[in-house]
Structure formats: structure tokens, C-alpha cells
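Chain residues, written in single-letter form:
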Protein chains: 2
Amino acid sequence: MNKHAITESERGQLLKTTLLTGLQGRSLQRLLDSAIVEEREGRSSVFRQGENADAFYCVLNGYVRLFRLSREGRHADVRICQPGEVFAECMIYGGDDYTFNAQTADTATLARFDLGTVRRLVEEDSNIARSVMTCLSQHLIDTMHCVGSDRLNTAPQRVADYLLERCPTDRGPASVQLPFQKNLLAGMLGLAPEALSRAFSTLRPRGVTVRGRMIQIGDVQALREVV
Amino acid sequence: MNKHAITESERGQLLKTTLLTGLQGRSLQRLLDSAIVEEREGRSSVFRQGENADAFYCVLNGYVRLFRLSREGRHADVRICQPGEVFAECMIYGGDDYTFNAQTADTATLARFDLGTVRRLVEEDSNIARSVMTCLSQHLIDTMHCVGSDRLNTAPQRVADYLLERCPTDRGPASVQLPFQKNLLAGMLGLAPEALSRAFSTLRPRGVTVRGRMIQIGDVQALREVV
DNA sequence: CAGGCAATTTGATGTTCATCAAACTGCCTG
DNA sequence: CAGGCAGTTTGATGAACATCAAATTGCCTG
């Protein structure tokens, strides 16, 4: 793993993230200065459940799976983090140990924020505090949405939801390019890869065609009926 | 619905909640002063998904279901809130509209906090900000745990988990008194009431006996094997 | 204590999805 | 271009759970 201070281009990427957008001037600078950039291999563990928590992260490039393991070794993704997303910021005020695992999906670039340092910044700077609260709130809302969706919707409905949220248009035909392997999409939707594949098959009569990562939608409005 | 300012006994209850424990002096007083107490009937709607968000709440007495509805009218609980718990505090910095429904399960007493007022307090008082962040962090961790548990564990395992977390002892026999109807427990665990009942049946050979709300556990360590 | 209503349990059935195995695809490398 | 490998799809099967209906329990009220 390669560590270094923030370069100019990485700074630009960080500014677009949930945590830092909304910050300016000195608040922004202080938070940026506290970060270290890590280049990581695919499938490298960022942290493990039960470990003492000493940092949270922002994804600059690549994807990170947050997941839990059952005692028998089965594996369930809880969240898939994309470029621009923050994870484990709940550890700033959330207890001593990580409560889930984090692993890169492919090679990834992460900005690492030291928890102790950020705690100090949050106490001193109400703008930073507000950014952290916004970030936490959004994640809580998203995660509650996930619980509801898991409990309420079938696999094809969840897939249709995902596609519709990423559709550029309201009606007529559209296409969506998956930003990652179907493997990750399955984890994000709480499905086994086979179940995702079958969900796409179920949607085919509704005008959804799959070619690799490219998904063609015949009629967006028709797809909305599935949900 | 009966509204009034905080009485002395309600003040005592509020002090024990996640949001206010940890606060003292002026910070505590300011937040307390902003609250209004509401007495509510059973099954009264506190707010609905899509409504403009103007308040968050703390449960003083009774129980509140947070849930989402599917288009066809099916119903899925996302969280069951108990006395001492805060809900919808994610709306302080989380967008304009409520993203789920809240309804009292039985007659309930709630402390209502105006969002605008609390936003002002959070900006001015870093102690209050810290309390809000702690609250958000804990809820996020709990909700992520819920996603993982739904995806990883079967119904009997989730029931066993619930019982074990509430067991006074580490080994030997124990008993757990459910604080509410099995209906609510089913919702909390993401199960239909029938599925909860069957999960208890599955646990009977493992020494779990059910009599109304009183659950007897023959051997706590044996039950831990189920998980 | 009887009656009535709501909550819970039980039975029967169907759907949804996980799992295992095998075929297939695409991509990359030698 | 052959070979290999990971990712994906398809088929067959089974487990888990929802749903509907009916029986039962528990609790409250008159």
C-alpha cells in the first residue's frame, strides 16, 4: 500500500465528496490537511470488525465493500462505497471498535482521516461539525431506505429501482452503464449474483436488455410499473 | 392529542435519553426548553413519508413504529422506537421531507423538538452538536447492523440474538420479559407475526419456552449456539 | 363469570431466493 | 490464436419465509 500526502488532483476529487462539499476557507483547509492518501490493491482489507477504530475514509477511486461475516463464514454486504463517498465516519462518535469489515473491490484510492484529529477539528469548528452531521444524516437515511427496500421489494423491483434512479430520462428508451461488476451490484442490492442475473431475466419482458455492463431500457415508464 | 410544556417528571425521563444524557448546564437547559410534550392515542400518525419535516421526537412512554409502505399498500417496519429513544433526528441535516412514516403503537408520550430551533442551537452550542452526532452515529451503526442481520441470519437466529442481548446472565437459565406485543417484535426483526411465532417454535427444542410475553431460556450458552 | 374482541398460534400452500453444479462468456496473457 | 481464468448465466433443488384461513389463547369488559 502506497501512502502519501494529497496531490493537487486528489484535492479536486476530495472537494466533490459529501464530506467536503459545503466547506470553504479555513475549515476546508484544516480537514484537507489532516488527510493522507492511500493507494490500495484489489481485495485489500481496510479494517476488520472488532478492530480498534482509528480512522475513517473517503473513496477517491475504485470501490469499497462494507460487509459483515456470520459465524459460519457467510458474507453479507451492508454497503458498497463509490468514489466520492465517505465510510466509517460513524466511528467519530460511535464507540471504540469497528462494527463491520471494509475491503477494496478493485484497486482503489482512499483518503484516510485520523479519528482523533477529526474529533478535535469537529469540537473547534462548527462548520466541520455540520459537514459531519450532514454526512451521518444522509447515510442514516440511505441505510433506513435500504432496510425498507430489503423488506418490501423483490429482487426485480430492487433492480428496477436501481436502474430508474440512474436513468437520465423520465420516459421513452434509455440506457444505464453499470459502474462496476454485477458482483458488486448484487451485494449492494442484498442478492446472490445468481439472483441478480435472474432478476435481469425477469425484467427482459419489460424491455430491459443486458449486454455486459450496458443495460438498455426500452421504456422507462413501463419499467416504473414494475416497482 | 394533548400538548403541554415539560413537567418535572418528564424532565427526569428526558435526561435518561440518548440525546440528553451527556449534556449539562446551559446546553441541557436550552434543549429542554425547546421541547413540547405530546400525549398521543394508540395508532396515531406522528408524521408521514413525503411530508415536510418540521420536527424530530423523543419517546418518553410507549412505542413508535417507523415504517415504509409499498405502492400496493404492504407495510414494512424499519425501526421500533422504545422509551428513551430519539427518532427522525436525521432530518436536522437530512433534507426537507420525511422519508418514512411514524405511528404510535399504543398510547404514547413524545417530546417534540422543532427542527428550526434545534438547528440554531446546534450551530451555537458545540455540546449540543456533539450530542446530535453521537445520536446519529449510534443510529447509523444500529441500522447497518440491522441490514447485516437481515441479510445474514434466519428468523430463529434473529430471535435468539434478541433474547441473548437482553439476557441478564451469561450461562444457565434465564428469563426475558418482552416489553411489548409480539406484533412489534416481529416488525423489529423484519418478520411477519406468523414467522415470529414459528421461530419461537423452532427454538423450543433448544430450551426456549414462551408464555405470553414471558420467555424462559433453559440454558443461555446452549441458545448462543443457535446464532 | 360470560361474552367478545384482539392477539397469537397452527396448518396448508406458494413465492422468493440461496445454493450447488455446470455451461458459457469475455478478457487477458503467453 | 490457444489457453486459462474470473465473471456471469442457466438449470435443478431446497430452505426460508409470506400469505391466507382457521383454530386457539388471552385479556378486557360488562
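Residues numbered from 1 in each chain as written. Chains lettered and ligands numbered in written order. Predicted model: local features only at pLDDT ≥ 70, side-chain atom pairs only at ≥ 80, totals over all residues.

- Per an unreviewed UniProt entry, chain A is named CRP-like cAMP-binding protein, and its organism is Neorhizobium huautlense.

A few points about the interface of chain A and chain B
Part 1: Residue-level contacts link 36 residues of chain A with 37 residues of chain B.
Part 2: Contributing elements (two or more residues each) for the side of chain A that touches chain B: strand E6 (75–81) and helix H4 (126–152) of chain A.
Part 3: Ranked by residue count, the leading element in the side of chain A that touches chain B is H4(A), at 21 residues.
Part 4: When the residues that make up the side of chain A that touches chain B are grouped by side-chain class, the tally is 17 nonpolar, 12 polar and seven charged. (Contact = placed C-beta atoms within 7 Å. Helix = DSSP H or I, 4+ residues; strand = E, 2+ residues; numbered from the N terminus. Nonpolar A, V, L, I, M, F, W, Y, C, P; charged D, E, K, R; others polar.)

Comments concerning the sheet that holds strand E6 (residues 75–81) of chain B
Part 1: If you trace the four strands from one edge of the open sheet to the other, you get E3-E8-E5-E6 (chain B), paired in antiparallel fashion. Whereas interior strands pair on both sides, the edge strands pair on one side only; in this sheet they are strand E3 (45–47) and E6 of chain B. Within the sheet, the average angular offset between the axes of one strand and its neighbour, ignoring direction, is 30 degrees.
Part 2: Strand contacts of H4(A): strand E5 (64–69) and E6 of chain B, with the helix running at about 140 degrees to E6(B), the strand carrying the most contacts. (Pairing = 2+ DSSP bridges. Axes fitted to C-alpha atoms, helices over the stretch in contact; angles between N-to-C directions.)

Points about the sheet that holds strand E12 (residues 214–217) of chain B
Residues and elements named next belong to chain B.
Part 1: What the three strands build is an open sheet, ordered E10-E12-E11; its pairing is antiparallel. With one partner strand each, in any of the chains shown, strand E10 (174–177) and strand E11 (208–211) form the two edges of the open sheet. Geometrically, the sheet is characterised by an average inter-axis angle of 20 degrees between neighbouring strands, direction not taken into account.

Overview of the protein's contact with DNA strand D
Part 1: Near DNA strand D lie 18 residues; those nearest to it are Lys182(A), Asn183(A), Ser197(A), Ala155(B) and Ala195(B).
Part 2: Counting residues per element, the ones that place at least two in the surface near DNA strand D are helix H6 (182–188) and helix H7 (193–203) of chain A together with helix H7 (193–203) of chain B.
Part 3: It is H7(A) that contributes the most residues to the surface near DNA strand D, six residues altogether.
Part 4: Taken together, the residues that form the surface near DNA strand D break down as seven nonpolar, six polar and five charged. (Near = placed C-beta within 6 Å.)

Brief notes about the UniProt feature "domain: Cyclic nucleotide-binding" (unreviewed entry) in chain A
Part 1: Residues annotated by UniProt as "domain: Cyclic nucleotide-binding" (unreviewed entry) correspond here to residues 19–139 of chain A.
Part 2: Its end C-alpha atoms 11 Å apart, residues 19–139 of chain A is made of 27% helix and 35% strand. (UniProt positions renumbered as here; feature names shortened; annotations may be inferred.)

Some points on the UniProt feature "domain: HTH crp-type" (unreviewed entry) in chain A
Part 1: With numbering matched to this structure, UniProt assigns "domain: HTH crp-type" (unreviewed entry) to residues 153–221 of chain A.
Part 2: The distance from the first to the last C-alpha atom of residues 153–221 of chain A is 18 Å, and the span holds 45% helix and 17% strand.

Some details on the domain arrangement of chain A
Residue and element names in this part refer to chain A.
Part 1: Each domain of chain A was delimited in the assignment, giving domain 1 (2–152) and domain 2 (155–224).
Part 2: Inter-centroid distance (C-alpha atoms) of domain 1 to domain 2 is 27 Å.
Part 3: Domain 1 puts eight residues into the contact, and the matching count from domain 2 is eight residues.
Part 4: Residue assignment for the side of domain 1 that touches domain 2 shows that the elements contributing at least two residues are E6 and H4.
Part 5: Residue composition of the side of domain 1 that touches domain 2, by class: three nonpolar, two polar and three charged. (Domains from an automatic or database assignment.)

Digging into the relation of the copies chain A and chain B
Part 1: Each copy of the sequence occupies a distinct position, and chain A is placed on chain B by a rotation of 180 degrees and an axial shift of 0.0 Å, giving an RMSD of 0.0 Å. What the superposition gives is, in effect, a two-fold axis relating one chain to the other. Among all residues of chain A, the one whose C-alpha sits closest to the rotation axis is Leu140(A), at a distance of 2.5 Å.
Part 2: Of the interface residues in chain A, 100% have counterparts in chain B that sit at the interface too, so the contact is made through matching surfaces. (Least-squares fit on C-alpha atoms with pLDDT ≥ 70 in both.)

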